[in-house]
Amino acid sequence: MPARLPLAAQRLVIVTGKGGVGKSAVTAALARALAGAGRRVLAVEVAHGGLGPLLGFDGLKATPRLVAPRLQAATLEPDDALADFVHGVFRFGMFARRLLESTSFQVLAAAAPGLPEFLVLHRLLGWVEERHLGRRAYDVVLVDAPASGHSLPLLAAPRTLGTFARIGPVAQVLRRVDELLGDATRTLVCLVTTPEELAVRETIELHGELVGRLGLPVAPPIVNALPPRRFGPDDEAALARLEGAAAGHPWVLAARHQVEHRRRALAQVATLRRALRTPVIRLPFLFAGPEAAGGVARLASDLAAAATRAA
Ligand SMILES: Nc1ncnc2c1ncn2[C@@H]1O[C@H](COP(=O)(O)OP(=O)(O)OP(=O)(O)O)[C@@H](O)[C@H]1O
Ligand SMILES: [Mg+2]
């Protein structure tokens, strides 16, 4: 049974996973799927994750811009987010500007542990809560988050930093972010993996941290780039029976490699399902890659199907 992606009314969707597993491709596809379903989406890449080209738009900026109907996109850098936060706290613009320009403040800001994470979360919260003329600016904010090693400190920041900042504007933001992240009706964390041993192992560990330690709402994992099934059971059996010269033919070797490659991938899917005790969402390996025409759309239609699947 393929898994369902519980995306009904989520306001914040965070896509993470090991480096290079397809986080940006999945974020782009989710953005298309959600915008296609009529939701107004803001897709955000944190620290230049490579999202822009997959949305058909190179050169995303800190300010959201429309890249498709109902779909806006932006890039989020801690430096830009710092200016944003300081201007928010010090309503008097000149003071904020002077502070940002002061060298000692810059040195302090660069050295403050957890500050980049805090600033990214503050910016995301701002977009989730943003309203224009009494109406929400975006139905859903979709985040192409950094690879696991950086996403974990990001998602843990409200807890780790909350122990230092108990009062004041920082503490207030942390409390609001903590409430938002932990609320399964508003937030969903999506873990992307490829069907490979290292990526699957990292996904299982990350899942344990996010669900077990932080209590965050995490979706069934998305297994990206699953090798397609090229041969039926009879052909596979025939390939296995070939002997002698025929068995050494390059086409036979290539076909056997295909069969073996898929078998290993499915074994990794099984490991993941057993460890997390959940079915998974599968996305196909695309030979031309998601960047090719129709690539993101193909992944989007599979994700849209997973989102509308009966519970
Ligand atoms: N379903 C797929 N089929 C084939 N190739 C894919 C698929 N998904 C992603 N790729 C390829 O894998 C590579 C990594 O994809 P992507 O940039 O989306 O990963 P990422 O997790 O965002 O990487 P990073 O950690 O560097 O930000 C790219 O070259 C992309 O073309
Ligand atoms: Mg990326």
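These remarks concern the structure in this document.

Conventions we followed
- Residues numbered from 1 in each chain as written.
- Chains lettered and ligands numbered in written order.
- Predicted model: local features only at pLDDT ≥ 70, side-chain atom pairs only at ≥ 80, totals over all residues.
- Heavy atoms only, no water.
- Helix = DSSP H or I, 4+ residues; strand = E, 2+ residues; numbered from the N terminus.
- Buried < 20%, exposed > 50% of the residue type's maximum accessible area, 1.4 Å probe, protein only.
- Contact = heavy atoms within 4.5 Å.
- Areas by Shrake-Rupley, 256 points an atom, 1.4 Å probe, with all protein chains shown as cover.
- Near = heavy atom within 4 Å.
- Polar contact = N/O pair within 3.5 Å; in protein donor to acceptor, adjacent residues only side chain to side chain.
- Nonpolar A, V, L, I, M, F, W, Y, C, P; charged D, E, K, R; others polar.
- Salt bridge = Lys/Arg side-chain N within 4 Å of Asp/Glu carboxyl O.
- Phe/Tyr/Trp six-rings, centres within 6.5 Å; stacked < 30°, edge-to-face > 60°.
- Lys NZ or Arg CZ within 6 Å of the ring centre and 35° of its normal.

**Comments concerning the overall build of the protein**
- Looking only at helices and strands, the protein has 13 helices and 10 strands in total.
- With the C-alpha coordinates aligned to their principal axes, the bounding extent of the protein is approximately 80 × 40 × 40 Å.
- Looking at the protein as a whole, 46% of its 311 residues are labelled buried.
- Restricting to contacts in the protein with at least 6 residues of sequence separation, those with at least 24 account for 72%.
- Of the accessible surface of the protein, which amounts to about 15,700 Å², a share of 58% is contributed by carbon and sulfur atoms.

**Some points on the site of ligand 1**
- Lining the immediate environment of ligand 1, one finds 15 residues, of which Gly20, Lys23, Ser24, Leu286 and Glu291 sit closest.
- Backbone polar atom of Gly20 to an oxygen atom of ligand 1: 2.9 Å apart, as the coordinates give it.
- Within the contact set of ligand 1, an oxygen atom lies 2.7 Å away from a side-chain nitrogen or oxygen of Lys23.
- With the chains in place, 71% of the 630 Å² that ligand 1 exposes on its own is no longer accessible.
- Contributions of two or more residues to the shell around ligand 1 are made by α1 (23-36) and β9 (222-226).
- Among the elements that take part in the shell around ligand 1, α1 stands out by supplying three residues, more than any other.
- For the shell around ligand 1, the class distribution of residues is seven nonpolar, six polar and two charged.

**A word on unusual backbone geometry**
- Phi at Arg70 is positive, roughly 65 degrees, even though this residue is not glycine.
- When its relative accessible area of 39% is taken as the criterion, Arg70 is described as partly exposed.
- With a phi close to 50 degrees, Leu133 is a non-glycine residue in the positive phi region.
- Its location among the elements puts Leu133 in the loop between β5 (131-132) and β6 (135-136).
- Of the residues examined, Leu133 reaches a relative accessible area of 92% and is grouped as exposed.

**A short note on the pattern of salt bridges**
- Taken as a whole, this structure holds 10 salt bridges when the rule is applied.
- Taking the shortest distance from any N to any O, the salt bridge between Arg176 and Glu129 comes out at 3.2 Å. Here Arg176, found in helix α8 (residues 169-182), pairs with Glu129, found in helix α6 (residues 115-129); they are 47 residues apart in sequence, far enough to count as distant.
- Residue class for Arg176 comes out partly exposed when judged on its relative accessible area of 36%.
- For Glu129, a relative accessible area of 39% corresponds to the partly exposed category.
- For Glu260, the salt bridge goes to Arg264, with nearest N and O atoms at 2.9 Å. Within this pair, Glu260 and its partner Arg264 are both found in helix α12 (residues 250-276), separated by four residues, close to a single helical turn.
- On the basis of relative accessible area, Arg264 is assigned to the exposed category, the value being 52%.

**Points about the environment of Gln72**
- Relative to the helices and strands, Gln72 is located in strand β4 (residues 71-76).
- We classify Gln72 as partly exposed; its relative accessible area is 23%.

**Quick word on the packing of aromatic side chains**
- Using the criterion set out here, one finds one aromatic pair in the structure.
- Centre to centre, the rings of Phe285 and Phe287 are 5.1 Å apart; their planes meet at 85 degrees, and the pair counts as edge-to-face.
- It is Arg123 that lies over the ring of Trp127; its NZ or CZ is 4.2 Å from the centre.

Geometric values such as these leave the question of function open.
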